[in-house]
Amino acid sequence: MTRCDRTEAWSALAGHYEAHGRTLDLREAFARDASRFEALSLQAPEVFADLSKNLLDTATLHFLADLARECELPARRDAMLAGAVANLTEGREVLHTALRAPLGAAPHGEPVHAVLAAMLAYAEQVRLDAQITDVVNIGIGGSDLGPQMVVAALESYGDPGRRLHFVSNVDGHDIAPVLAKLDPQRTLFIVASKTFTTQETMANAQVARAWFLANGGTVEEIARHFAATTTNVSAAAAFGITTTFGFWDWVGGRYSLWSAIGLPIAIAIGAANFAALLDGAHAMDRHFAEAPVERNLPMLLGLVDVWYRNFHGFASRSVAPYHQGLRRLPAYLQQLEMESNGKRVDLAGEPLPYATSPVVWGEPGTNGQHAYFQMLHQGTDVIPVEFIAVRRPTHAHAELHAKLLANCLAQSQALMLGKTAEAARSETVPTASATLDREVLARHRTFPGNRPSTTFVLDMLTPRALGALVAMYEHRVWTSGALWGINSFDQWGVELGKALASDLLPRLASGDTRGLDASTAGLLARLRG
Ligand code: F6P
């Protein structure tokens, strides 16, 4: 594997950045090139992407495509999709793509389709069971964020008679208000954990079990009211759960919503819609596997991420989905991107001389506009923004949807165009101080512009479109991680805190602070009792 900074393309990009990239002005670029939008936008399965408001030109893309080839991205992608051990530190294949492939089109087809059929049949059985009105998914990280994001996004495909709840935090303020609303005889708990050892999930599952038994449920009824989705079926059985749907260690937790972990999704939207979600993801997988680098949307996005992070030095990216259903997408993407690519050594364990994962954050539009967009427009940092617009809503309020879309378009326009001091000076502003010097006021009201953004357009937020969108993000994260030469599929960085929490738990009870640093000892003493 060739690391990005050891390629000729990297040096070419550095030269290109100094000569053109640093000073590229989007307004001038559009004025110079009438075909910029056509040249820098593309249609992938279900997702149209406008990259033309980014700080790049066709020459930049040319150098970035060279970088992808020099880093052997196409061959490494093919090897991963064919089942190579791409997760080196854990010695595992990386095959979430196999979970959405038709039988025979990817490795592990038979077990994948056997579990899928059983899981979908069970989901349909629960959907037909009028007695079950509430389904509680107990899981955290990848066993929570993906299902929760999808269930919210596809709310309009759900059955209004059934409520889905998600409990993740070990903070009892999460589970307590959920349990308070439930009737044990009308509730199904799904304990979702790849490992079935995660402290938060196990603790919440114990609370749910004790609550069930304390409120009239019997041990025999646990079989009907508890199910587990896990790679560790024997641990689920030891817990007393007999209805289990398995998956495999070659599915990363944050890539697992397509597996049995998707059970709450299937219960919410039904087997046919779940199949459509998988089908959309598979269509994006085919695009990722087959399209040339220059027209490969996930690859282009990952390449632009590297351009921004390592040449422009942008440290974060904001996601603004202009669809309320996608309100959990930023949280989902935080795990997907930052747990995958927040790494500081390469595959050989060598410290990296360049930055990796940006901070990913955001809120749905238009809410974000009334919170932090001020900083995006006039703050000192340049933060690329990613807009997601959906052409057709699933509600009947056309007047609201038109306003939403107008706002989405206006924000990317405003970021790019800005406002000159001259324009600010010429405006009459009734809300401005009457005594303030006009020139000073104009400076406050100037927008630098030239701030980059990408806009994705979906025709409608259908299961298929959502599947394609999420798969696009997965492959984009792989692309930047592969260029950086890191392992995007492990997460050793979460281990230390877990181990220290195990040490501190008994100390909270005993008050023993021996060997602790003074700050932790002082805080522990304050928090006890
Ligand atoms: O936070 C670390 C992590 O391992 C994530 O990668 C994972 O999604 C989450 O914990 C939950 O793990 P599990 O599904 O095994 O309970």
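Since we're looking at a predicted model, the values are computed, not measured.

What counts, and at which threshold
- Residues numbered from 1 in each chain as written.
- Predicted model: local features only at pLDDT ≥ 70, side-chain atom pairs only at ≥ 80, totals over all residues.
- Heavy atoms only, no water.
- Pairing = 2+ DSSP bridges.
- Helix = DSSP H or I, 4+ residues; strand = E, 2+ residues; numbered from the N terminus.
- Axes fitted to C-alpha atoms, helices over the stretch in contact; angles between N-to-C directions.
- Contact = heavy atoms within 4.5 Å.
- Core = buried A, V, L, I, M, F, W, Y, C linked by side-chain atoms within 4.5 Å.
- Buried < 20%, exposed > 50% of the residue type's maximum accessible area, 1.4 Å probe, protein only.
- Domains from an automatic or database assignment.
- Near = heavy atom within 4 Å.
- Polar contact = N/O pair within 3.5 Å; in protein donor to acceptor, adjacent residues only side chain to side chain.
- Nonpolar A, V, L, I, M, F, W, Y, C, P; charged D, E, K, R; others polar.
- UniProt positions renumbered as here; feature names shortened; annotations may be inferred.
- Right-handed = clockwise from strand over helix to strand, strands pointing away.

Moving on: the sheet that holds strand S5 (residues 187–192). Spatially, five strands are ordered S4-S3-S5-S6-S7 in an open sheet, and the strand pairing comes out parallel. In this open sheet, the two edge strands, each paired with only one partner strand, are strand S4 (163–167) and strand S7 (243–246). Strand-to-strand twist across the sheet, computed as the mean angle between neighbouring axes with direction ignored, equals 20°. With four bridges joining them, S5 and strand S6 (residues 226–230) adopt parallel strand pairing. By the bridge assignment, Ile190 is partnered in S6 with Ala227. Here helix H8 (residues 172–180) sits on the sheet and contacts strand S3 (134–138), S4 and S5; the angle it forms with S4, its principal contact strand, is near 155°. Each of S3, S4, S5 and S6 is contacted by helix H9 (residues 199–214), which is oriented at about 160° to S5, the strand it contacts most.

For the rest of this paragraph, the subject is the nonpolar core. Generally speaking, nonpolar side chains in soluble globular proteins are found buried as a group. Judged by nonpolar contacts, the single largest core of 112 residues is most densely connected at Leu67, Leu466 and Tyr473. The element that contributes the greatest number of residues to this core is helix H20 (residues 463–484), accounting for 13 residues. For this core, the domains that each give at least three residues are domain 1 (4–70 + 291–417 + 451–484) and domain 2 (96–276). If you look at the next biggest cluster of nonpolar residues, it comprises 21 residues, including Ile175, Val178, Val191 and Ala208.

As a matter of local geometry, the ligand sits amid 13 residues, with Ser143, Ser193, Lys194, Thr195 and Thr198 nearest to it. Lys194 is positioned with one of its backbone polar atoms (N or O) 2.7 Å from an oxygen atom of the ligand. At 2.6 Å from an oxygen atom of the ligand is found a side-chain nitrogen or oxygen belonging to Thr195. Residue composition of the shell around the ligand, by class: two nonpolar, eight polar and three charged.

Our next topic: the UniProt feature "transmembrane region" (unreviewed entry) in the protein. Using the residue numbers shown here, the UniProt feature "transmembrane region" (unreviewed entry) corresponds to residues 233–251 and 257–278. Within the segment residues 233–251, helix and strand shares are 37% and 21% respectively, and the terminal C-alpha atoms sit 15 Å apart. End C-alpha atoms of residues 257–278 are separated by 10 Å, and the span's content is 68% helix alongside 0% strand.

Before going further, it helps to spend a moment on the pairing of strand S9 (residues 359–362). As defined by bridge partners, strand S8 (residues 316–322) adjoins S9 across four bridges and the pair is classed as parallel. Residue pairing in the sheet places Arg317 in a bridge with Val360 of S9. The handedness of the S8 to S9 crossover, carried by helix H15 (residues 329–341), is right-handed.

Mapped onto this structure's residue numbering, the UniProt feature "active site" (unreviewed entry) falls at Glu339, His370 and Lys498. The greatest C-alpha distance among the residues just named is 36.7 Å, and with 160 residues of sequence between them they are spread in space as well. Looking at the element boundaries, His370 is found in the loop between S9 and helix H16 (373–378). The exposed category is assigned to His370, whose relative accessible area is 71%. Mapped onto the elements of the fold, Lys498 is located in helix H21 (residues 495–510). Under the relative-accessibility criterion, Lys498 is labelled partly exposed at 48%.

Quick look at the sheet that holds strand S2 (residues 47–50) now. Sheet architecture is open: six strands sit in the order S1-S2-S11-S10-S8-S9, paired in mixed fashion. One side of each edge strand has no neighbouring strand; the edge strands of this open sheet are strand S1 (41–44) and S9. On average, each strand axis in the sheet is tilted by 20° relative to the strand beside it, whichever way the strands run. Along the sheet face, H15 touches S8, S9 and strand S10 (385–392) and points at about 175° away from the line of S9. Along the sheet, H20 makes contact with S2, S8, S10 and strand S11 (453–460), crossing S11 at roughly 150°.

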